[in-house]
Protein chains: 2
Amino acid sequence: MSSALILIANGTEEMEFVITYDTLVRAGINCTSALVNDIPDTLPTPSPVAKCSRGVKIIADKDLADVEDPNSFDALIIPGGAKGADTLSQSKKVQGLIRAYLEKDRVVGMICAGSLAALRASLPRSKITSHPSVKADLGSAFEYSEDDVVVAGKLITSRGPGTAFLFALTLVEALVGPEKRKEVYGPMVFPPGYYTTPL
Amino acid sequence: MSSALILIANGTEEMEFVITYDTLVRAGINCTSALVNDIPDTLPTPSPVAKCSRGVKIIADKDLADVEDPNSFDALIIPGGAKGADTLSQSKKVQGLIRAYLEKDRVVGMICAGSLAALRASLPRSKITSHPSVKADLGSAFEYSEDDVVVAGKLITSRGPGTAFLFALTLVEALVGPEKRKEVYGPMVFPPGYYTTPL
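In this text, all values refer to a predicted model and were calculated from it rather than measured experimentally.

Procedures and definitions
Residues numbered from 1 in each chain as written. Chains lettered and ligands numbered in written order. Predicted model: local features only at pLDDT ≥ 70, side-chain atom pairs only at ≥ 80, totals over all residues. Heavy atoms only, no water. Buried < 20%, exposed > 50% of the residue type's maximum accessible area, 1.4 Å probe, protein only. Helix = DSSP H or I, 4+ residues; strand = E, 2+ residues; numbered from the N terminus. Pairing = 2+ DSSP bridges. Right-handed = clockwise from strand over helix to strand, strands pointing away. Axes fitted to C-alpha atoms, helices over the stretch in contact; angles between N-to-C directions. Polar contact = N/O pair within 3.5 Å; in protein donor to acceptor, adjacent residues only side chain to side chain. Contact = heavy atoms within 4.5 Å. Parallel < 35°, antiparallel > 145°, perpendicular 65-115°, else oblique. Left-handed = near helix turned anticlockwise from the far one by under 90°. Nonpolar A, V, L, I, M, F, W, Y, C, P; charged D, E, K, R; others polar.

*Asks:* Report on the pairing of strand S2 (residues 30-35) of chain B, specifying residues and quantitative values.
*Replies:* Residues and elements named next belong to chain B. Within S2, five of the six residues are buried, which leaves the element mostly enclosed by the surrounding structure. Across six bridges, the pairing between strand S1 (residues 3-8) and S2 is parallel. Of the residues in S2, the one forming a bridge with Leu7 is Ala34. Crossover handedness for the path S1 to helix H1 (residues 14-26) to S2: right-handed.

Now the structure itself:
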């Protein structure tokens, strides 16, 4: 069974987090959400709650400190939301995970301000996209694109809540193939022709 | 300030709940999420957690039993998800609220299987839509449509996760006007032309 580690923090954009988690679960991918605490070196909390960017409170499956082998999943996902993306991208542990996933040719997904993690993890120059609000931060270190989703090897990036379905469906296709993508697409009842761009 | 009461239960479709809540908050609407317990007549819980349809755990702002005047908001929203919609639509309290909101010409939104609440609250025949999986339940009592969003007076219905953005943007327009809808649309970074159908 394919698996994904989806990070979350206070200030994470709740639509980007939930659309990704839910769509991947629909595709049969075993999802684990992990809270990254915004106060470094604090003890893991048994009830890892994130207060998201618009006030929705989500209980993560685990505190990242309690994930036994965070390097063992098939994909690592970094959602956006300014404050949440700041916490995720500044975490040395998260930066190390991003590099380790890509070195082992495994999928890393970043959306919205989450793409800042590519910069802070010092990834090599590649094609990238992000929320327009952080384009200036990324433009000199990466080859910036305004496509809805950018697939650059195993690094998959996207723009914001409005492209989160396409981001999630692209992750599904990368992890479990185009047939599974088609299978989950129907019951979600998109307007005809929406989010159909394949990898 | 405009306000909305957004219901949630175990089994609620987390994308439909979160897309609606988040988009309305972006539009400056004061949102309160309220848990409807699936075991009737239980005491309200101080930490009202819903385990949603694909496993995301959301802490509601309140237990519905603790909402002081549930009849005092500008809109009432019923998300889908088979099990969650069943709990919400079978609740006598929720059925009473739906009728009271419409009688006072206030907005009621239902999406996906949430539209079953129109049937169970015995609303008069009107145009309606829902997730295709519950079309057969609604077809004889309502004038069924396969439009992405149906606006029938103050009853606004929609189809599923794939139409949830359009549902939320339509609620924004109904509650705080088309200018606010345009204002929140941009930063969400939709692919060009997506979800633009106005009321």
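*Asks:* Describe the sheet that holds strand S3 (residues 49-51) of chain A, and please don't skip the residues or the numbers.
*Replies:* Strand order across the open sheet formed by four strands is S3(A)-S4(A)-S4(B)-S3(B), with antiparallel pairing between neighbours. Looking along the sheet, the strands with just one partner apiece sit at the ends: S3 of chain A together with strand S3 (49-51) of chain B. Going across the sheet, the axis of each strand differs from the next one's by a mean of 25°, ignoring polarity. Pairing between strand S4 (residues 57-59) of chain A and strand S4 (residues 57-59) of chain B: three bridges, direction antiparallel.

*Asks:* So what's going on with the side chain of B:Thr23? Residues and values would help.
*Replies:* Inspection of the secondary structure assignment puts B:Thr23 in helix H1. Of the polar contacts made by the side chain of B:Thr23, one reaches the backbone oxygen of B:Ile19; its length is 2.7 Å. With residues up to four places along the chain from it excluded, the contact list for B:Thr23 reads A:Met15, B:Phe165, B:Ala168, B:Leu169, B:Val172 and B:Met188.

*Asks:* How would you sum up the packing of helix H6 (residues 164-176) of chain A against helix H7 (residues 178-185) of chain A? Please name residues and give values.
*Replies:* Residue and element names in this part refer to chain A. It is at 7 Å that the axes of H6 and H7 come closest, and there the two elements cross at 140°. Regarding the angle of H6 to H7, the classification is oblique. As H6 runs across H7, the sense of the crossing is right-handed. Together, Leu166, Leu169, Thr170, Val172, Glu173 and Val176 of H6 and Pro178, Lys180, Arg181, Val184 and Tyr185 of H7 make up the contact between the two elements. Counted by class, the contact of H6 with H7 contains seven nonpolar, one polar and three charged residues.

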